[in-house]
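# An overview of the molecular structure
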Amino acid sequence: MSETPVQPGNGDSGGAPTGATTATSGDVPQVPDASLPSAEGAARTTTAALQPASPPSAGAARTAPAASQSTSTPASERADLRPENIQDAVIRLAGNSQDGIQTAGAFLARLAGRSDHDVMTYMTIPATISGGPSIFQVRIGSGEVLSAGDEADFLVAFYQHSYQDHIDFLKEGGVLLYDSDNVEPNFDDKRFVYVGVPITGLTIEALGGTAKDKGKNIFVLGLISKIFSLDVDKLKKIISEKFAGKDQSIVNTAMMAFQAGYAYPVGKVLTHQYRFEHLPKTTGRAQITMDGNQALAYGLIAGGVRYGAGYPITPWSSVMEALRRELPKYGGIFVQAEDELASVSLALGFSYSGYLAVTGSAGPGISLKTEAIGWASMAEIPLIICNIQRGGPSTGLPTNVEQSDLHQAIYGGHGDSPRVVLAAASVEDCFYIAIEAARIARKYSTPVFILSDTSLATRIEAFDEPDLSKLMVDPKPDLSPRQTFKPYPVDAITQHIPPGTRILDGKYPLLSGLEHDEMGHPTGSPKLHMVMTAKRRNKLRKLAEEIPVPEIYGRYICATSIHCPTAWKKSSPSSNGSSPWR
Amino acid sequence: MSETPVQPGNGDSGGAPTGATTATSGDVPQVPDASLPSAEGAARTTTAALQPASPPSAGAARTAPAASQSTSTPASERADLRPENIQDAVIRLAGNSQDGIQTAGAFLARLAGRSDHDVMTYMTIPATISGGPSIFQVRIGSGEVLSAGDEADFLVAFYQHSYQDHIDFLKEGGVLLYDSDNVEPNFDDKRFVYVGVPITGLTIEALGGTAKDKGKNIFVLGLISKIFSLDVDKLKKIISEKFAGKDQSIVNTAMMAFQAGYAYPVGKVLTHQYRFEHLPKTTGRAQITMDGNQALAYGLIAGGVRYGAGYPITPWSSVMEALRRELPKYGGIFVQAEDELASVSLALGFSYSGYLAVTGSAGPGISLKTEAIGWASMAEIPLIICNIQRGGPSTGLPTNVEQSDLHQAIYGGHGDSPRVVLAAASVEDCFYIAIEAARIARKYSTPVFILSDTSLATRIEAFDEPDLSKLMVDPKPDLSPRQTFKPYPVDAITQHIPPGTRILDGKYPLLSGLEHDEMGHPTGSPKLHMVMTAKRRNKLRKLAEEIPVPEIYGRYICATSIHCPTAWKKSSPSSNGSSPWR
Amino acid sequence: MPETTTSAPPAPEREKLTKKAITADHPTWCPGCGDFAVLASFYKVLEKKQLDHEKIVTLAGIGCSSRFPYFVNGHGAHFIHGRAVPLASGISLARPDLHVFLFGGDGDGFSIGGNHLNHGARKNINMTYFIMDNFVYGLTKKQTSPTSPIGFKSKTDPTGAIDQPVNPMKQLISAGATFIARTHATQVKHMMEMIERAFDHQGFSVIECLSECVEFYPDVFDPADPRKGGSFDVIQEKKWDNTPEDELRHDVTDELAAYKLAQLPFPGVFGVFYQNDRPTKNALEKKWIESTREKTGNASDLEILQKTFDRMK
Amino acid sequence: MPETTTSAPPAPEREKLTKKAITADHPTWCPGCGDFAVLASFYKVLEKKQLDHEKIVTLAGIGCSSRFPYFVNGHGAHFIHGRAVPLASGISLARPDLHVFLFGGDGDGFSIGGNHLNHGARKNINMTYFIMDNFVYGLTKKQTSPTSPIGFKSKTDPTGAIDQPVNPMKQLISAGATFIARTHATQVKHMMEMIERAFDHQGFSVIECLSECVEFYPDVFDPADPRKGGSFDVIQEKKWDNTPEDELRHDVTDELAAYKLAQLPFPGVFGVFYQNDRPTKNALEKKWIESTREKTGNASDLEILQKTFDRMK
Ligand SMILES: Cc1ncc(C[n+]2csc(CCOP(=O)(O)OP(=O)(O)O)c2C)c(N)n1
Ligand SMILES: Cc1ncc(C[n+]2csc(CCOP(=O)(O)OP(=O)(O)O)c2C)c(N)n1
Ligand code: SF4
Ligand code: SF4
Ligand SMILES: [Mg+2]
Ligand SMILES: [Mg+2]
């Protein structure tokens, strides 16, 4: 990432999650969905546009193609074909989810990552069960990218509905690239540059009839590579890597589609070509490119989490799927349980056994975990709970983004049940916050919530490769014998020791959800209850002394202040690529 | 109840629940348990003591009996035996729960109720599984009784442990009545009046050897009747009513024990006798005497609730047991479900079918109901949820009182899930608040929480008999046909109509936990989500306009202010015996 | 039961219940999804039975299959994941005048909802429950389900499922469901027959319907699909005709015989495994209410509560 | 599995595991409660087995019976109501070196915890689970439990229970538990035998122990209590000795035969109903881990994650 300082105000934009908005639970929520027109004016965050040097109206001034035969329209006012340097572009691919627009967009994002550019993506998940209209938006920048952008500089429309639903999100002067086999734009609207390409036909032509229109995404990628002067070799390498292990014919087909798109004489209809400015990176570290849920899963692994349990739910599922796939490599286990009640209990079993564990869900499942999380507070067991938030309440809007579960995270338990609540601010932060959550959970023997959301879960960003050799945490439990042991010492922070640990004085600890004495045995004494309640609370006070004051993005408007003992930590994207937590 | 105005400050006392203290969730809780010594000074609430006319030290001045043979000590300074008029007395029975001290205490309470006195009881539930030390305390007053009292005027100690654990709760100058067969008091402590009676021996003597020491409770009742000049005929009637339907020999035995106690020449060791002043009641209504959970159950019935479902948990169980027993009389059903998740779902099924239903639990079970309650918010189904709070978090202190679930009641759900939260202030209020909860749930088609707690659940009070003919609500659902129907009109408060209702235009409503349009069909539209979120919130704003400002008892110290849209209603005991809700 | 009818104002004459009248939104299921066949069969049975439109109640948990109520124009509710059995139980117990139909998937029914299924079954609460079993989590896009066979590659078992799956028939038989049948989405006639018989049964009636998820577990049911050349063995029920053939036929009231059928390997057999006339909880609660009401002398609500309060004076 | 041992500093020699060493608080159960016998038998089995003290883990949900861990001096946890099976599953899966013992009541196991019981059973997670069945909710003072017989008068069924109870043996057999036995608190020798056999079994082992609640359901087990003149029919297991008597004996690997035994009316028979050697989830997950680790060439954690990140550049 560049050294550009954080720009205040940008945190308010569409796709970017902000802690502040979540605090208005009960109020009409902010609906940070790009399909909602954002308020005019100040909130717009896409500052650098496609034409940094030319006046903003330069694109708009170009005449639109005369008629429906747009592909053959001669580029009468052909300008210089030398690429213009740009610093930032928002490219929106609008089609159906089965067209592979996510795949194409992910290739662009990875290329940006490998090219030292900053990148942020945004996607929608169709509400229908499979397939259906969706978008994938990629913003690439030579400076720091803090939002995926509310408006696009460059819109690719595969269908008439894509055109209709998204043309209003194209900036004045922006370029509409459309499949002229499917889309008829309204050329009377003089705000945009129209570039029609018979994408469907040309893809079939290139790949042969059997492919139907599969491959359109890669054809478009070829087109975009030409228009934005992308590094074709790097991109081809990324494509082949993706299909590595698959049938060679798949790679070949993809290359053919790409080549066809790249070779298309787009210069005939679009007078400009662009090139992202190269600002050499100063950190000297390569970038890695992934989405928020991946970053979270790998962060947990780096933080020493080897066990977990969950139950599928959008948008949490991809975290658990990644962990189920990855953990066996590290000797661990992730269990898909019969429900959320079982999964949090399994995770507590793992943690009790000495391996700090993770469970997670979205709102409905987190609600089901409430009782057991209270046990973690009372029995003082470390545990990480991920809530990848979605639209609520109840089943709500399962595929839309919302941040309305903060109050529940803090106040959801019955009784005085302190817990730590962290919220991730960026994809990179998902990685580091997971490590931090693991550290806090262990050090304070406490449940720790990580809040993320649909948008962060699914969006791709590039960030400086973490220095794993410094970060990796050893998960091995310490089973060395103890002379004597109190699970709940009144005068110290509880440290969990796992079964298998010999206690030489022969007095073994019991962990309990009943109010208990220092050995874990039940008490009904109000005096002891006060002491133990204070003990559980005070460790979060200790934590509060240790953590830095949160950085604030944008205007901080908050209806509720967060009370101790619940520590609320709004993590921030690091501006120099290093973990803010070290 | 008398017309005495509410005394500010008394709401802070031991056993009395106050809404204000619950709001400090997260802080070291107030532990309103009488077995914790309360702070010296201002907080003490027992104002009128046993000796209204004599100086406070009068009792203490009397010399303690000389030796262990206390029963035969001649009452050397024998005073006038004409009963003194008193206005208020706190009588604590300290024994084991299997001794029937609850039964004896309940008789005293009912007698007070029938004698136009005010009464409030307090009991502890032993932590052991069955039996074990416990107390039952009865405060009887000629004026308004607002707490069960932190200190006793009159302590009955059945065992040495009862004496040791409770002597510090006896007021200076107070009377210790002890079983001289089991207790050896420390006569060096000159603060108290010592009255030793060989309770165990005399009871066995009166009832014959087979009875062992069963009957001590009734023997003591006889003693107390004499000392406090109680209405023996009324009391005997209450005892016989209790055992009505049982074997006649049981009544006979009880009467023998009572008679033996009453006939004991207590005047030889206690120079004073007392009599509660009679302040004639002005309301002209008889008093009924019951505990908070009974009042809640009957309030629900009066409010038209005929269906419900629950799962046992202390201290909620007695509400469900009462409803399971009573509802069939009214043609209704209460289901004991397999768990709390099922019970809230069953209750929602009942409500959906047209019969506003109730579910309830204590903290652990309420946590499990969280998800389904969110559905009630989203699908806009009326529902009553009772949380009879106990010590938390987790399994916590199952038999102790605490009020630490307020935050959960308000903020517990994921997403913006508005609900109404009411809290009862007295036993009488448990009755009226249930009716009010039912009214609000129906009118606003919303889930309504009723918060109570262990202390309120188990304590007995006498209150003016409600005018049932005015209060009873007809539960019949309205199934009359509609021309057309929208379950979720944007411009009006949702009114639930049950299945079985013909919709003449043929378009039937669907209730949904997904965000939905006016007909209940799913939407992913952020715009509609905003509209519907506002709609769900606004009905609570309407409610807020309708309800009176809460009366405040004591100093109101509150760390968190309660935000709209969650209506928090601290109900107050009525000072004129009529429902504050009418 | 409190009376469920109020004196209703006169309403227009009823028209015939047509498929059109009970059809709502166009299903959002993927083209080819087995659930379409279930919906079509359900429409047909409703048409055949000519039930009162307003007394049809469709309910569901969460899942692709659980979207069912949106596609039926009638009173209905789309509840939360796994808890639809108790929701339906409440409606069934309070409103004997209604026809309670419940729909859901294998995950909704046997994973998160497994306990409610068992307790609904033992209590024998009157309802018709249709489980569309596709051996996969459809709505959440291909995770292992409780009925996924060992070896199934899903997002949560990338190298193949390892846990022994639930046997739906065994679970239902042992839990005490009183009507238990199995059918297949490609066998619309058989399915309709099962729905009708389940509907006619008084008690907790469950139909497991193998219903292909074309998106995430295509072709799983081949062996059982005659259209695709597989077999579809139908249970031959006893006719009690004293013929030697009848000896070999299945007695649907024989629990042990039903359990034995449930032991057959995939694809197993189709038809009614078990049926029995144990009293429903609906009937038992009603009986209790009636005897209790009798004891009160059928007093009014006000009289009963007043009497109770009089005792508490 | 990650290595569970760290290089421990030298510790003193072990002493013999005595009853005294494993005894903790004096039980708060009511005098005469059947659960005392279970505790006594458990102590004896531990003493006999001479397990390493620190590797004994006792776990429980909530209930009178679930207070068990407080009375055993060893590592342990007292969890929430009904969820102890998944808690125990986590411990069992992560720590094959430990002995996982789980205790609870009929309500904890068959009511609120019924689903976890079933899924623990089908996944065959290695643990020994003791269900103290007293046909009542003890701790909450006499409500109907899922095993209360019809007619039992409780606080929630003042005129007698009406719902058909759960049949624990049927539920366990159909769910796929691999060791299923039934015993009685008055038969300490038989109980010890069952505990030992359950402990020796690899997999999900459940013992239902009829254990009288003297406080809220006294004398319920009379017919099965020889001390009180009742019968205690023990299952005769096959000896595979080719004798004609053996034909009549029970084959514990025969699921259908076990189910048939489960159909016997109260008090039924006692002993091992079913046992089978299906692979445990513990073993299956371990196998997957081993083959995966092999593919990575047994690389270090750091190497594996670094490689993954390299692919994401
Ligand atoms: C409490 C909760 N947990 C998880 C989910 C996510 N979820 C939705 S449907 C589903 C399972 C779908 O599988 P199935 O029941 O078999 O239905 P199908 O889609 O296959 O028809 C899950 C896990 C949820 N909505 N709520
Ligand atoms: C979530 C939750 N619901 C309810 C309870 C209350 N509760 C405690 S123990 C118990 C049942 C006890 O019965 P059982 O499991 O048979 O054990 P027993 O006491 O008979 O040994 C119940 C309902 C609880 N602690 N937590
Ligand atoms: S995902 Fe599968 S189950 Fe769901 S609608 Fe599509 S085909 Fe049907
Ligand atoms: S209540 Fe019953 S189960 Fe509980 S300890 Fe007492 S006798 Fe045992
Ligand atoms: Mg499915
Ligand atoms: Mg029990």
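Every value quoted in this text rests on a predicted model; they were computed, and no experiment measured them.

## As for the side chain of A:T494
All names here are of chain A.
- Of note, T494 is situated in the loop between α16 (468–471) and β17 (510–512).
- Given the relative accessible area of 2%, T494 is considered buried.
- One polar contact links T494 to E380, side chain to side chain, over a distance of 3.1 Å.
- Among all residues touching T494, those that are not within four sequence positions of it are E380, S445, P487, Y488, P489 and K535.

## With respect to the coordination of the magnesium ion (ligand 5)
Residue and element names in this part refer to chain C.
- Within the first shell, the magnesium ion (ligand 5) binds the protein through D106 (OD), N134 (OD1) and V136 (O), at distances of 2.0 to 2.2 Å.
- Positions of the donor residues of the magnesium ion (ligand 5) along the chain correspond to the pattern D-x27-N-x1-V. Taken as a pair, D106 in helix α4 (residues 106–111) and N134 in the loop between β4 (127–133) and β5 (136–137) lie far apart in primary sequence, 28 residues in all. Of the two residues, D106 and N134, neither departs from the other in class, the shared state being buried.

## Re the interface of chain C and chain D
- Contacts between chain C and chain D engage 32 residues on the former and 32 residues on the latter.
- Both sides of the chain C and chain D interface together cover about 2800 Å² of buried area, and 50% of this is carbon and sulfur.
- The largest share of the area that chain C buries against chain D comes from C:R122, C:Q164 and C:L256, three residues that together contribute 22% of it.
- On the surface where chain C and chain D come into contact, there are four salt bridges.
- Here C:K281 and D:D163 are joined by a salt bridge, their closest N and O atoms 3.0 Å apart.
- Our count for the contact surface shared by chain C and chain D stands at 18 residue pairs in polar contact (both at pLDDT 80 or more).
- Breaking the side of chain C that touches chain D down by element, the ones donating at least two residues are α4, α5 (114–123), α6 (168–175), α9 (255–262) and α10 (281–295) of chain C.
- With six residues, the top contributor of residues to the side of chain C that touches chain D is α5(C).
- Per-class residue counts for the side of chain C that touches chain D are 12 nonpolar, 11 polar and nine charged.

## A few points about the packing of aromatic side chains
- Considering all chains together, one arrives at 61 aromatic pairs over all chains under this definition.
- With a centroid separation of 5.1 Å and 90 degrees between ring planes, the pair formed by A:F431 and A:Y432 is classed as edge-to-face.
- When its relative accessible area of 0% is taken as the criterion, A:F431 is described as buried.
- Judged by centre distance (4.8 Å) and plane angle (80 degrees), the ring pair of D:W29 and D:F71 falls under edge-to-face. Taken together, the positions of D:W29 in the loop between α1 (19–22) and α2 (35–49) and D:F71 in the loop between β1 (56–60) and β2 (75–78) put the pair 42 residues apart, joining distant regions of the chain. For the pair D:W29 and D:F71, one class covers both residues: buried.
- Within the aromatic cluster, the residues linked to one another by ring pairs are C:W29, C:F36, C:F42, C:F68, C:F71, C:F101, C:F103, C:F130 and C:F199.
- A cation over an aromatic ring shows up here: C:K238 above the ring of C:W240, its NZ or CZ 5.8 Å from the ring centre.
- Over the aromatic face of D:F270 sits the side chain of D:R182, whose NZ or CZ is 4.6 Å from the ring centroid.

## What to know about the site of ligand 2
- Surveying the vicinity of ligand 2 reveals 22 residues, the closest of which are B:E340, D:C64, D:S65, D:D106 and D:D108.
- Bordering ligand 2 are residues originating from chains A, B and D.
- B:E340 is positioned such that a nitrogen or oxygen atom in its side chain is 2.5 Å from a nitrogen atom of ligand 2.
- One of the backbone nitrogen or oxygen atoms of D:C64 is found 2.7 Å away from an oxygen atom of ligand 2.
- In isolation ligand 2 has 590 Å² of accessible area, and contact with the protein removes 98% of it.

## A short note on the pattern of salt bridges
- Scanning the entire structure with this criterion turns up 76 salt bridges over all chains.
- We note a salt bridge from C:D301 to B:R306, for which the minimum N-O separation is 2.8 Å. Of the two residues, C:D301 sits in helix α11 (residues 301–311) while B:R306 sits in the loop between α9 (292–302) and β10 (307–310), which places them in two different chains.
- A salt bridge links B:R324 to C:E285; the nearest nitrogen and oxygen atoms lie 3.1 Å apart. Separated into two different chains, B:R324 in helix α10 (residues 317–326) and C:E285 in helix α10 make up a pair that spans both. Taken as a pair, B:R324 and C:E285 share a single burial class, namely buried.
- Here the salt bridges share partners, and the residues they tie into one network are A:R324, C:D157, C:D163, D:K281 and D:E285.

## Brief notes about helix α12 (residues 363–379) of chain B
All names here are of chain B.
- If you check α12, its first and last C-alpha atoms are 24 Å apart, about what 17 residues at 1.5 Å a residue would give, namely 24 Å.
- When you tally the buried positions in α12, you get 17 out of 17 residues, the bulk of the element.
- Downstream of α12 by one or two residues, E380 has phi in the positive range, about 55 degrees.

## Things to note about the domain arrangement of chain A
All names here are of chain A.
- Looking at chain A, the domain boundaries give domain 1 (74–276) and domain 2 (289–477).
- Placing a centre on the C-alpha atoms of domain 1 and another on those of domain 2 gives a separation of 34 Å.
- Listed as interface residues are 15 residues of domain 1 and, on the opposing side, 10 residues of domain 2.
- Counting the surface lost from both domain 1 and domain 2, the interface buries some 1000 Å², and carbon and sulfur atoms represent 60% of this.
- At the surface where domain 1 touches domain 2, the tally comes to zero salt bridges.
- Counting every contact that joins domain 1 to domain 2 gives two residue pairs in polar contact (both at pLDDT 80 or more).
- Examining the composition of the side of domain 1 that touches domain 2, we find that six residues originate from one element, strand β3 (residues 118–123), more than from any other.

## Structural notes on the coordination of the magnesium ion (ligand 6)
- Taken together, D:D106 (OD), D:N134 (OD1) and D:V136 (O) make up the protein donors of the magnesium ion (ligand 6), found 2.0 to 2.2 Å from the metal.
- Linear spacing of the donor residues for the magnesium ion (ligand 6) on their chain is D-x27-N-x1-V.

## What to know about the interface of chain D and chain A
- Contact with chain D, which involves 62 residues of that partner, is made by 72 residues of chain A.
- Taken together, both faces of the contact between chain D and chain A bury some 5800 Å²; the carbon and sulfur share is 65%.
- Looking at the side of chain D facing chain A, the largest losses of area belong to D:F309, D:M312 and D:K313, adding up to 13% of the total buried there.
- Applying the counting rule to chain D against chain A returns 25 residue pairs in polar contact (both at pLDDT 80 or more).
- Elements represented by at least two residues in the side of chain D that touches chain A include exactly β1, β2, α3 (84–94), α5 (114–123), α10 (281–295) and α11 (301–311) of chain D.
- Counting residues per element, the side of chain D that touches chain A draws most heavily on α11(D), at nine residues.
- Taken together, the residues that form the side of chain D that touches chain A break down as 27 nonpolar, 19 polar and 16 charged.
- Direction of pairing for β17(A) relative to β2(D): parallel, over a ladder of three bridges. Residue pairing for β2(D): A:S512 is matched across the bridge by D:H78.

Cut-offs used in this document
Residues numbered from 1 in each chain as written. Chains lettered and ligands numbered in written order. Predicted model: local features only at pLDDT ≥ 70, side-chain atom pairs only at ≥ 80, totals over all residues. Heavy atoms only, no water. Helix = DSSP H or I, 4+ residues; strand = E, 2+ residues; numbered from the N terminus. Buried < 20%, exposed > 50% of the residue type's maximum accessible area, 1.4 Å probe, protein only. Polar contact = N/O pair within 3.5 Å; in protein donor to acceptor, adjacent residues only side chain to side chain. Contact = heavy atoms within 4.5 Å. Donors = N, O, S within 2.8 Å, 3.2 Å for Na, K, Ca; no water. Buried area = accessible area lost by both parts, 1.4 Å probe. Salt bridge = Lys/Arg side-chain N within 4 Å of Asp/Glu carboxyl O. Nonpolar A, V, L, I, M, F, W, Y, C, P; charged D, E, K, R; others polar. Phe/Tyr/Trp six-rings, centres within 6.5 Å; stacked < 30°, edge-to-face > 60°. Lys NZ or Arg CZ within 6 Å of the ring centre and 35° of its normal. Near = heavy atom within 4 Å. Areas by Shrake-Rupley, 256 points an atom, 1.4 Å probe, with all protein chains shown as cover. Expected span 1.5 Å × (residues − 1). Domains from an automatic or database assignment. Pairing = 2+ DSSP bridges.

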